[in-house]
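Given next are the chains, with one letter for each unit.
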Number of protein chains: 2
Amino acid sequence: MSERAGRLLSRLEGRLDAAGMLVGDAVSDGYAADATARGHRPVAVLRPRGTQDVSAILSAANEIGQPLVVQGGRTGLSGASRPLAGEVSLSLERMSGVESIDVAAQTMIVAAGTPLQVVQQAAEDAGLFFGVDIGARGTATVGGNIGTNAGGIRVLRYGMYRAQVMGLEAVLADGTVLSSLKGLPKDNSGYDLNPLFIGTEGTLGVITRACLKLHPKPKSERNAFIALPSLKAAQELLARLRIGLSGLLSAFEAIFPNVYEGTVAHMGIRPPVEVGAGMYAMVEIQGQSPDQDNERFEAALAEALEEGLATDVVLSSSLREFSGLWAIRDGINEFLFARGESVGFDISVPLSRMQEFLDMAAHAISEIDPDAVSFIFGHLGDGNLHYCMVTEREKEIGEAVFSAIAAVGGGVSAEHGIGTDKRRYLKYARSEAEIVTMRRLKAAFDPNYILNRGRVFEAPVSVGQVERA
Amino acid sequence: MSERAGRLLSRLEGRLDAAGMLVGDAVSDGYAADATARGHRPVAVLRPRGTQDVSAILSAANEIGQPLVVQGGRTGLSGASRPLAGEVSLSLERMSGVESIDVAAQTMIVAAGTPLQVVQQAAEDAGLFFGVDIGARGTATVGGNIGTNAGGIRVLRYGMYRAQVMGLEAVLADGTVLSSLKGLPKDNSGYDLNPLFIGTEGTLGVITRACLKLHPKPKSERNAFIALPSLKAAQELLARLRIGLSGLLSAFEAIFPNVYEGTVAHMGIRPPVEVGAGMYAMVEIQGQSPDQDNERFEAALAEALEEGLATDVVLSSSLREFSGLWAIRDGINEFLFARGESVGFDISVPLSRMQEFLDMAAHAISEIDPDAVSFIFGHLGDGNLHYCMVTEREKEIGEAVFSAIAAVGGGVSAEHGIGTDKRRYLKYARSEAEIVTMRRLKAAFDPNYILNRGRVFEAPVSVGQVERA
């Protein structure tokens, strides 16, 4: 353990309880990894029980200059919570629980270490609904979700996590506690400081509590699996449903043919819609008037079939069928995993230039690695594609894909963030002026770079690189 | 003209065209005032034609240390765009126009000086809908709307202006141009810098262009005027309709009895619903399925009548009736104006504590000025009340109202912002730590305080007060 880390731990002895500080063998392997890779084992794990503990930890670390990695459920996919060499972990795992729900105002106050699934369940128990859902719901925590502005499958209806945040309590690097948990839907009493902590990957402060927005619980939920002639048809259908099913449409997932066929084969099930189509989509509605909603959904899909926008449609008519169709979408990851090592890009593409991007990327990839196989699926409603590939030439292919992204004005990380893993690609999506401005924010709020140092962009040489990506 | 201002103008000669710089008599009276009061006549008005002009102006003003007041439509109500002594105006009035609309993505790119009504009309012409509407629509501009995070009547459905911003182009005080106009609904490629400019009242940068979110155009719009026994009944009805009319409810305005009765008398019309009730509300729906929507609306209101939540309901059944009911809501300001000089507070109150706040404020007011008369109305769906009073003791009453706001955890400015006029009240809504953090942002992005100096909070003595509020 470094002298710095040692000084931090001595300073905090007595401030934290016995279970509040893990060192040596007590630091289990889990703390060293996020969902994609193993990093360094943190030299210690600090486990505050409340906001004042967090403030004391940050204030001491800031004075000493000890870098911290902020950890929630460690389900991140870009390295923001994966420890770099020499970091002490600040884990919010003991600050968990729903504190209160205001049913009339449709808000919830929750501690940052609470798993997403607990939030979803508490909303449901109160007759309400939480708008974000992601695969890691059982482990991913609210603080990490907000820090990475998590997205998921219903962004086109409810927005990203950013849109669920009515207020935050957060601690700045110097220990300053900012509390803004009033949950007022309309409040222009000075600057809104919450955005400093949303999607900034723990680099500007540590979120300790949040006031989240809830929605009316859907009385009807239904989905359909659709075969379509082409991506173009899927885009046209999406555009129509956004208008025609306005207020109902809650997901529009696109699945490219080889992914659909591979996944149903891997699952060993009968394909719900014909194989051999040009594109597949999984569409979901959520509404308040089951009969009327079903009528609108069926009419819209019948029209799509009639006009040739869709060639085959299966509509769920029971909860079992509903879950069965979702299982195919959810089964994609397992199919890809079984295919072997693949590299995945989580990209955001303007809808109007998606085909142009796909052609450009496919062409560039075939020049680099003619044997590369692409598996593409994602949240078409948000222009968010998960573009996965089996290839030996990951780095060159990454550059090629992101060059195509830059050419069409897309984003290099639609929902997974930059962390350490995608730092080198940031310049394909953001201008030098923007990156300099991000650094300016960092320098203003964390001048000693103690919080998630080296995430999003490299720390200046003066404060020391923790590790180069 | 000060020596500083003179230097700025010389520096910009040749950079701006003939109409780009107004001095002396060419500076008309309009530039001196916002919607509430006359300030100082600016020593000059700079009228850039594009982003590069804005960058040149800011870069020069920053070097010279010349304070600028940023002006759009000058319809603000708190003094952010009302010139202080010695300021040069930076008016965006020549940077106007809708640049492009992407119908499939439901986005629009627009110059900052474009009036709101032009945005609304362009959206409508494209078969879409813009979610924010405020009374000053014909004059207020997009840049000012974003800078003040404008709200209005449909926040409970579409959110504040903040929720309409998909991207911004803005210029920092040092002339740095930040452009983020991709309009991607999902993009976590580094920090989102747009929030720096939303609701910060022109103090951190100058917005030059925006990518705005559009919505499906409603196929049905209908409203109802409702008499209710009490505020409590109105709150209960609101809570029910938010669930029962989810996806339809677009406005829920509360009007206190003396305001309703005074307004219809002032307008010389027959009251649409009975006088003598305990509370009045004006409710609007917007939907995509006229027959089904009307059915749901009528059923919900019939249920409210049956259960005694409402005592009288008038439902519009034509565009003319629809506009007639809105005219009453819109007629309130004229009634209040005719009543004579009044002081208005634009406050945000947690729904669950609204009655507590009203009782506390009424009690405090009666102690200070037993003759004070209150006129209360507002956007109940957002907890936003316009609390107006005829009184001679404005200052003490302001302190009393805001003390009550502080006690219930409300906001001192729900939608009008702080500007210069409400600086002294900011402390009732925000902690010292929050205000210090706002100043930290200001110092990081505008260290010479050239942009809207003294708005939101006072400038440090070191850079000089433009004028004390």
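In this text, all values refer to a predicted model and were calculated from it rather than measured experimentally.

Peer 1: Can you explain the overall build of chain A? Please cite residues and give values.
Peer 2: Summing up its helical and strand segments, chain A has 12 helices and 18 strands in all. Whereas a compact globule of 469 residues would reach a radius of gyration of roughly 23 Å, chain A reaches 23 Å, a difference of no more than 12%. Evaluated residue by residue, chain A yields a buried proportion of 59% over its 469 residues. Considering only contacts within chain A whose residues lie at least 6 apart along the sequence, 72% involve residues at least 24 apart. As presented, chain A carries roughly 16,700 Å² of accessible surface, and 50% of it is formed by carbon and sulfur atoms. For chain A, the separation between the mean place of its 44 positive charges and that of its 56 negative charges on side chains is 6 Å.

Peer 1: Describe the side chain of Ser-55 of chain B, and please don't skip the residues or the numbers.
Peer 2: Counting through the fold element by element, Ser-55 of chain B comes out in helix H2 (residues 51–64). Ser-55 of chain B has contacts with Val-171, Gly-175 and Val-177 of chain B, leaving out every residue within four places of it along the chain.

Peer 1: An account of the nonpolar core is requested, with residue identities and associated values reported.
Peer 2: Residues Phe-357 of chain A together with Phe-357 of chain B are the most contacted members of the largest nonpolar core, which totals 240 residues. Not counting chain neighbours up to four residues away, the residues in contact with Phe-357 of chain A comprise Ile-347, Val-349, Tyr-387, Val-401, Ala-404, Ile-405 and Val-408 of chain A.

Peer 1: Hey, could you go over the interface of chain B and chain A for me, with residue numbers and the actual values?
Peer 2: The parts lose accessible area when they come together, and the size of an interface is often stated as this lost area. At the junction of the two partners, chain B supplies 76 residues and chain A supplies 77 residues. Connecting chain B to chain A are 8 salt bridges. Where Arg-440 of chain B meets Asp-174 of chain A, a salt bridge forms, and the shortest distance between an N and an O atom there is 3.1 Å. For the interface between chain B and chain A, the tally reads 44 residue pairs in polar contact (both at pLDDT 80 or more). Of all elements in the fold, only strand S9 (177–180), helix H6 (231–244), helix H8 (290–306) and helix H13 (432–445) of chain B reach the threshold of two or more residues within the side of chain B that touches chain A. Taken together, the residues that form the side of chain B that touches chain A break down as 31 nonpolar, 28 polar and 17 charged.

Peer 1: Before we move on, can you summarise the relation of the copies chain B and chain A with the specific residues and values?
Peer 2: With an axial shift of 0.0 Å and an RMSD of 0.0 Å, the rotation relating chain B to chain A amounts to 180°. Both chain copies can therefore be described as sitting about a two-fold axis. Distance from the rotation axis, computed per C-alpha, reaches its smallest value in chain B at Gly-247 of chain B: 2.5 Å. Here 100% of the interface residues in chain B have copies in chain A that are interface residues too; the copies meet face to matching face.

Peer 1: Go over the packing of helix H8 (residues 290–306) of chain A against H8 of chain B, please, and point to the residues and values.
Peer 2: It is the contact of H8 of chain A with H8 of chain B, at a shortest axis distance of 12 Å, that shows an interaxial angle of 170°. Between H8 of chain A and H8 of chain B, the crossing angle belongs to the class labelled roughly antiparallel. Seen from H8 of chain A, the contacting residues are Gln-292, Glu-295 and Arg-296 of chain A; seen from H8 of chain B, they are Gln-292, Glu-295 and Arg-296 of chain B. Taken together, the residues that form the contact of H8 of chain A with H8 of chain B break down as no nonpolar, 2 polar and 4 charged.

Peer 1: So what's going on with the environment of Val-283 of chain A? Which residues, and what values?
Peer 2: Residues and elements named next belong to chain A. On the secondary structure map, Val-283 appears in strand S14 (residues 279–287). Its relative accessible area of 0% is what places Val-283 among the buried residues. Linking Val-283 and Gln-355, residues 72 residues apart in sequence, is a C-alpha distance of 20 Å. With residues near it in sequence (within four places) discarded, Val-283 still touches Arg-222, Asn-223, Ala-224, Ile-226, Leu-241, Leu-249, Ala-251, Phe-252 and Phe-297.

Peer 1: Run through unusual backbone geometry, naming residues and quoting values.
Peer 2: Even without a glycine there, the phi angle at Gln-106 of chain A is positive, about 55°. When you line up the elements, Gln-106 of chain A lands in the loop between strand S5 (98–102) and strand S6 (107–111). Unusually for a residue other than glycine, Tyr-449 of chain B sits at a positive phi of about 50°. Here Tyr-449 of chain B shows up in the segment after H13.

Peer 1: Can you lay out the environment of Ile-368 of chain A for me, pointing to particular residues and giving the numbers?
Peer 2: Residues and elements named next belong to chain A. Following the sequence through the fold, Ile-368 ends up in helix H10 (residues 354–368). Residue class for Ile-368 comes out buried when judged on its relative accessible area of 18%. Along the primary structure Ile-368 and Glu-396 are separated by 28 residues, whereas in three dimensions their C-alpha atoms are 7.3 Å apart.

Peer 1: Requested: an account of the sheet that holds strand S10 (residues 206–213) of chain A, with residues and values cited.
Peer 2: Residue and element names in this part refer to chain A. With antiparallel pairing, 5 strands are arranged side by side in an open sheet as S5-S6-S10-S8-S9. Across the chains shown, the open sheet's two edge strands, defined by having one partner strand only, are S5 and strand S9 (177–180). Within this sheet the neighbouring strands show an average axis-to-axis angle of 15°, counted without direction. Judged from the 4 bridges that link them, S5 and S6 form a sheet pairing that is antiparallel. If you follow Val-98 over to S6, its bridge partner there is Val-110. Running at roughly 145° to S6, helix H3 (residues 116–125) makes contact with S5, S6 and S10 of the sheet.

Peer 1: Would you mind going over the domain arrangement of chain A in detail, with residue names and values included?
Peer 2: Residue and element names in this part refer to chain A. For chain A, the assigned domains read domain 1 (3–91), domain 2 (98–216), domain 3 (220–338) and domain 4 (340–428). Using C-alpha coordinates to define each centre, domain 2 is positioned 30 Å away from domain 3. Of the residues lining the interface, 7 residues belong to domain 2; the matching set on domain 3 comes to 13 residues. Carbon and sulfur atoms supply 46% of the area buried between domain 2 and domain 3, which totals about 760 Å² over both sides. The shortest N-O distance in the salt bridge between Glu-284 and Arg-154 comes to 2.7 Å. Between the two partners, domain 2 and domain 3, sit 6 residue pairs in polar contact (both at pLDDT 80 or more). The element best represented in the side of domain 2 that touches domain 3 is helix H5 (residues 155–158), accounting for 3 residues.

Peer 1: Would you mind going over the pairing of strand S13 (residues 249–255) of chain A in detail, with residue names and values included?
Peer 2: Residue and element names in this part refer to chain A. Of all 7 residues in S13, 7 are buried; the element is thus mostly enclosed. With 6 bridges joining them, S13 and S14 adopt antiparallel strand pairing. Within S14, the residue paired with Ile-255 across the bridge is Tyr-280. Examined bridge by bridge, S13 and strand S17 (residues 373–379) share 2 bridges and lie antiparallel to one another. When the sheet's bridge partners are listed, Ala-254 is paired in S17 with Gly-378.

Peer 1: Could you give me a rundown of the packing of aromatic side chains, with the residues and numbers involved?
Peer 2: Considering all chains together, one arrives at 20 aromatic pairs over all chains under this definition. Between Tyr-191 of chain A and Phe-457 of chain B the ring centres are 5.7 Å apart and the planes differ by 65°, which places this aromatic pair in the edge-to-face class. You can see Tyr-191 of chain A sitting in the loop between S9 and S10 and its partner Phe-457 of chain B sitting in the segment after H13, one on each of two chains. The interplanar angle of 45° and the centroid separation of 5.4 Å between the aromatic rings of Phe-129 of chain B and Tyr-158 of chain B together place this pair among those described as tilted.

Peer 1: Tell me what's going on with the UniProt feature "domain: FAD-binding PCMH-type" (unreviewed entry) in chain A, and back it up with residues and numbers.
Peer 2: In the numbering adopted here, UniProt assigns the feature "domain: FAD-binding PCMH-type" (unreviewed entry) to residues 38–217 of chain A. Taken end to end, residues 38–217 of chain A comprises 19% helix and 24% strand; its first and last C-alpha atoms sit 39 Å apart.

Peer 1: Pulling in residues and values, what's your account of the pairing of strand S10 (residues 206–213) of chain B?
Peer 2: Residue and element names in this part refer to chain B. With respect to burial, S10 is a largely interior element, 6 of its 8 residues being buried. Where strand S6 (residues 107–111) meets S10, 5 bridges bridge the pair, whose relative direction is antiparallel. Its bridge partner lying in S10, Ala-111 is registered against Arg-209. Across 6 bridges, strand S8 (residues 165–171) lies against S10 in antiparallel orientation. Counterpart to Leu-168 in the pairing with S10 is Ala-210.

Peer 1: Can you lay out the pattern of salt bridges for me, pointing to particular residues and giving the numbers?
Peer 2: Under the counting rule described, the total for this entry stands at 60 salt bridges over all chains. With a shortest N-O distance of 2.5 Å, Arg-455 of chain A and Glu-87 of chain A are connected by a salt bridge. Placement of Arg-455 of chain A in the segment after helix H12 (432–445) and of Glu-87 of chain A in the loop between strand S3 (68–71) and strand S4 (88–91) is noted, with a sequence separation of 368 residues between them. Taken as a pair, Arg-455 of chain A and Glu-87 of chain A share a single burial class, namely buried. Measuring nitrogen to oxygen at the nearest pair gives 3.3 Å for the salt bridge that ties Lys-186 of chain B to Asp-382 of chain A. Here the residue Lys-186 of chain B occupies a position in the loop between S9 and S10, and Asp-382 of chain A occupies one in the loop between S17 and strand S18 (384–390), the pair thus bridging two chains.

Peer 1: I'd like to hear about H12 of chain A, residue by residue, with values.
Peer 2: For H12 of chain A, built from 14 residues, the straight-helix expectation of 20 Å at 1.5 Å per residue is met to within 8% by its first-to-last C-alpha distance of 20 Å. Turning to H12 of chain A, its buried residues are Glu-434, Ile-435, Thr-437, Met-438, Leu-441, Lys-442, Ala-444 and Phe-445 of chain A. Check the buried side of H12 of chain A and you find it contacts S9 and H13 of chain B.

Scoring rules and cut-offs
Counting of residues starts from 1 at the beginning of each chain's written sequence and follows it residue by residue. A letter from A marks each chain and a number from 1 marks each ligand, given out in the order of writing. Under the rules for a predicted model, residues below a pLDDT of 70 receive no local features and side-chain atom pairs below 80 are neither given nor counted, while totals for whole chains, interfaces and linings still include all residues. In computing side-chain properties, one takes all heavy atoms of the structure into account and sets aside hydrogens as well as water. In this text, helices come from DSSP runs of H or I with a minimum length of four residues, and strands from runs of E with a minimum of two, each type numbered from the N-terminal end. Our radius of gyration looks at C-alpha atoms and nothing else; its globule reference is 2.2 Å times the residue count to the power 0.38. For every residue, the accessible area (1.4 Å probe, protein chains only) is compared with the maximum for its type, and the residue is labelled buried under 20%, exposed over 50%, or partly exposed between those bounds. Whether two residues are in contact is decided by their heavy atoms, any of which lying within 4.5 Å being enough. Each accessible area value is a Shrake-Rupley result obtained with a 1.4 Å probe; residue values ignore everything except the protein chains displayed when judging cover. For the charge count, each Lys or Arg is scored as positive and each Asp or Glu as negative, with His and the chain ends excluded. To locate a charge, take atom NZ for lysine, CZ for arginine, CG for aspartate or CD for glutamate. Nonpolar core, defined: a set of buried Ala, Val, Leu, Ile, Met, Phe, Trp, Tyr and Cys residues in which side-chain atoms within 4.5 Å join the residues together. In what follows, salt bridge is the name for a side-chain nitrogen of Lys or Arg lying within 4 Å of a carboxyl oxygen of Asp or Glu. A 3.5 Å cut-off defines polar contacts: any pair of N or O atoms within that distance qualifies, except that in protein one atom must be a possible hydrogen donor and the other a possible acceptor, and neighbouring residues in sequence count only when both atoms are side-chain atoms. Residue polarity follows a fixed list, in which Ala, Val, Leu, Ile, Met, Phe, Trp, Tyr, Cys and Pro are nonpolar, Asp, Glu, Lys and Arg are charged, and the others, Gly among them, are polar. The superposition of copies rests on a least-squares fit of C-alpha positions from residues with pLDDT of 70 or more in both. A fitted line through C-alpha atoms represents every axis, and for helices the fit uses only the stretch in contact; the resulting angles, taken between N-to-C directions, go from 0 to 180 degrees. For classification purposes, angles smaller than 35 degrees are called roughly parallel, those larger than 145 roughly antiparallel, those between 65 and 115 roughly perpendicular, and all remaining angles oblique. Here, any two strands with at least 2 DSSP bridges between them count as paired. By convention here, the domain bounds are inherited from an automatic or database domain assignment. Simply put, the buried area is the total loss of 1.4 Å probe accessible area from both parts when two parts are fitted together. Two aromatic rings from Phe, Tyr or Trp, using only the six-membered ring of Trp, form a pair when their centres are within 6.5 Å; if the ring planes differ by under 30 degrees the pair is stacked, by over 60 it is edge-to-face, and anything between is tilted. UniProt positions are given in the numbering used here, feature names are shortened, and annotations may be inferred rather than shown by experiment. Working rule for helices: expected span equals 1.5 Å times residues minus one.

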